Amino acid sequence: MPPSVPFTIRNAYGTTTDTTSADATLVAAPGEGKRLVIVYRRFARNTTTDVTVLWKENTTTTDSITLTSEVPGLLEVLPDDLAIRLSANTALKINLSVVASVSWRIRYRIENA
């Protein structure tokens, strides 16, 4: 019998199109005293346009991912020591550098901040 896991892995996925003027929320803020912990992220461009995905905690850009014809996608499986821990009670958002279509999947858990 496998060992019990003290947390639940949650999934969020979708396609974001044309977010040059506004941020798109991928995962809502988890609430007071909690934070999101990202353990998997995948992005793939659906158009031929090169696009930079700005990774944001609320309104602060914390990372960027450039998708091109040479690198049309990104997949990261993050072990716990490399997991992306957002600040307390912040939403995970993205913004695209140009009008484009990007598919995404996020796997995350919620922990006490």
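Look a little higher up for the structure.
Residues numbered from 1 in each chain as written. Predicted model: local features only at pLDDT ≥ 70, side-chain atom pairs only at ≥ 80, totals over all residues. Heavy atoms only, no water.

**Student:** So, unusual backbone geometry: which residues are in play, and what are the values?
**Tutor:** One non-glycine residue with positive phi stands out, namely Asn58, at about 55 degrees. Residue Asn58 is classed as partly exposed on the basis of its relative accessible area of 28%. The phi dihedral of Asn89 falls on the positive side, at around 50 degrees, and the residue is not glycine. Here Asn89 lies in the loop between strand E7 (84–85) and strand E8 (92–96). The exposure class of Asn89 is partly exposed, given its relative accessible area of 30%. (Buried < 20%, exposed > 50% of the residue type's maximum accessible area, 1.4 Å probe, protein only. Helix = DSSP H or I, 4+ residues; strand = E, 2+ residues; numbered from the N terminus.)

**Student:** Give a detailed account of the environment of Glu32, specifying residues and quantitative values.
**Tutor:** With respect to the helices, strands and loops of the structure, Glu32 is situated in the loop between strand E2 (24–27) and strand E3 (34–45). For Glu32 and Ala113, which are 81 residues apart along the polypeptide, the C-alpha to C-alpha distance reads 8.7 Å.

Function-wise, these values are silent; they only describe arrangement.
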